[in-house]
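One-letter residues, chain by chain:
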Amino acid sequence: RFGPQRVVDTPLAEQLIIGMAIGMAVEGLRPVAEIQFAGFAYVTIDQILNHAGRMRHRTRGRLSCPLVMRTPCGPGIHAPEHHSENPEAMFAHVPGIRVVYPSSPRRAYGLLLAAIRDPDPVVFLEPTRLYRLFKEEVADNGEASALDQCFTLREGSDVTLVTWGGSVRECVDAAVALDQEGISAEVIDVATLKPLDMGTILASVGKTGRCVIVHEAPRTAGFGAEIAANLAEHGLLSLFAPVQRVTGYDIVVPLARMEDQYLPSTARILDAVRKTLQF
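Because the structure is a prediction, the values reported are computed rather than measured.

1. Comments concerning the sheet that holds strand S2 (residues 68–73)
The strand order across the open sheet formed by five strands is S1-S2-S4-S3-S8, and the pairing between neighbours is mixed. Every interior strand has two partners, whereas the edge strands, strand S1 (32–34) and strand S8 (192–194), have only one. Along the sheet, successive strands turn relative to each other by an average axial angle of 25 degrees, direction set aside. Strand direction decides the pairing type here: strand S3 (residues 98–100) and strand S4 (residues 122–127), joined by three bridges, are parallel. Bridged to Val100 within S4 is Phe124.

Here you go:
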């Protein structure tokens, strides 16, 4: 439809794809590079860390690198291990890189437009299991969503559920189930992991006094630990109980038969909420 000047079918070589996209971005284009699964994005780290993220700093602001790297991310489709990786915390650790993680088709539309219009590099992680999990009407109106901003999906007064990506679905389900127990849960979709809108999270926890953080990636050094550390540093006096984390495990994502036990389930989230309320 758009021709070879707009759409390039590259070799299946991830370093080449991102290296070429960096060159295009520096020359004034706005490339959107796709890595077919996040498990194949590890080889792009050299280009992302050493070049894309440092271009503005390295050139004292003379050059920017407005590229977007899209990649399906996370488990939930019964695929082999490299198709189920979630390197969100690794990319968030790279200076100069924005990390965006939508939770629905509508959110993906607005955030992807904003990422393309951003003057600096964006890693855009798309929850693989949401591609076919549900459908949503999306108006093709060209309106971008705000980057660097959390979205409050549900107001609550007893506990704050902080999550992003695919786990938003389970957190909303947990909040609905908690209503039946007389527990009011606020649900926050982080959406942009870096830069992190900690203000929205702190305001919510200041109201509820309790927090459960949910993400699919492994627990140790996961991005949820960064949020928990910020709560300890800036919101300690608001907390009535220790922050709870419901995460993936510190293992390679298992194959299909065990995958559902790896993912943070609604039941695990409910257990964490009850634990923090009983403290």
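Now, onward.
2. Side note on a nonpolar patch on the surface
There is a patch of nonpolar side chains on the surface, built from Val8, Leu16 and Met20 and spanning about 240 Å² of accessible area. Relative to the helices and strands, Val8 is located in the segment before helix H1 (14–26).

3. Considerations on the packing of helix H7 (residues 198–208) against helix H8 (residues 223–234)
One way to put it is that H7 packs onto H8 with a least axis distance of 11 Å and a crossing angle of 60 degrees. Crossing handedness for the pair H7 and H8: right-handed. Contacts from Met198, Ile201, Leu202 and Val205 in H7 reach Ile227, Asn230, Leu231 and His234 in H8. Looking at the contact of H7 with H8 residue by residue, the class counts come to six nonpolar, two polar and no charged.

4. Looking at the sheet that holds strand S6 (residues 159–163)
Pairing within the open sheet is mixed, and its five strands lie in the order S5-S7-S6-S9-S10. Looking at strand neighbours, the two that pair on one side only are strand S5 (151–154) and strand S10 (244–248), the edges of this open sheet. If you compare each strand with its neighbour and ignore which way they point, the axes differ by 25 degrees on average. Relative to S10, strand S9 (residues 211–218) runs parallel, the two being bridged by four bridges. Bridge pairing in S10 places Ile213 opposite Arg245.

Cut-offs used in this document
- Residue numbers run consecutively from 1 along every chain, following the written order of its sequence.
- This being a predicted model, a pLDDT of at least 70 is required before a residue's local features are given, and a value of 80 or more before pairs of side-chain atoms are given or counted; all residues contribute to the totals for chains, interfaces and linings.
- Based on all heavy atoms of the structure, the side-chain values leave hydrogens and waters out of the count.
- Paired strands are those between which DSSP finds at least two bridges.
- The secondary structure listing takes helices from DSSP runs of H or I that are at least 4 residues long and strands from runs of E that are at least 2 residues long, numbered from the N terminus.
- Angles run from 0 to 180 degrees between N-to-C directions of axes, and those axes are lines fitted to C-alpha atoms, restricted for helices to the stretch in contact.
- Each patch is built from residues that are more than 30% exposed by relative accessible area and take part in no salt bridge. Like charges join if they lie within 9 Å; nonpolar side chains (Val, Leu, Ile, Met, Phe, Trp, Tyr) join within 5 Å.
- Exposure was quantified through the Shrake-Rupley algorithm and a 1.4 Å probe, taking into account, for residues, occlusion by the shown protein chains and nothing else.
- Salt bridge, as used here, is a side-chain nitrogen of Lys or Arg placed within 4 Å of a carboxyl oxygen of Asp or Glu.
- We call a crossing left-handed when the near helix sits turned anticlockwise from the far one by less than a right angle, and right-handed when that turn is clockwise.
- The contact criterion used throughout is that any non-hydrogen atoms of two residues lie within 4.5 Å.
- Lys, Arg, Asp and Glu make up the charged group, whereas Ala, Val, Leu, Ile, Met, Phe, Trp, Tyr, Cys and Pro make up the nonpolar group; the residues left over, Gly among them, are polar.

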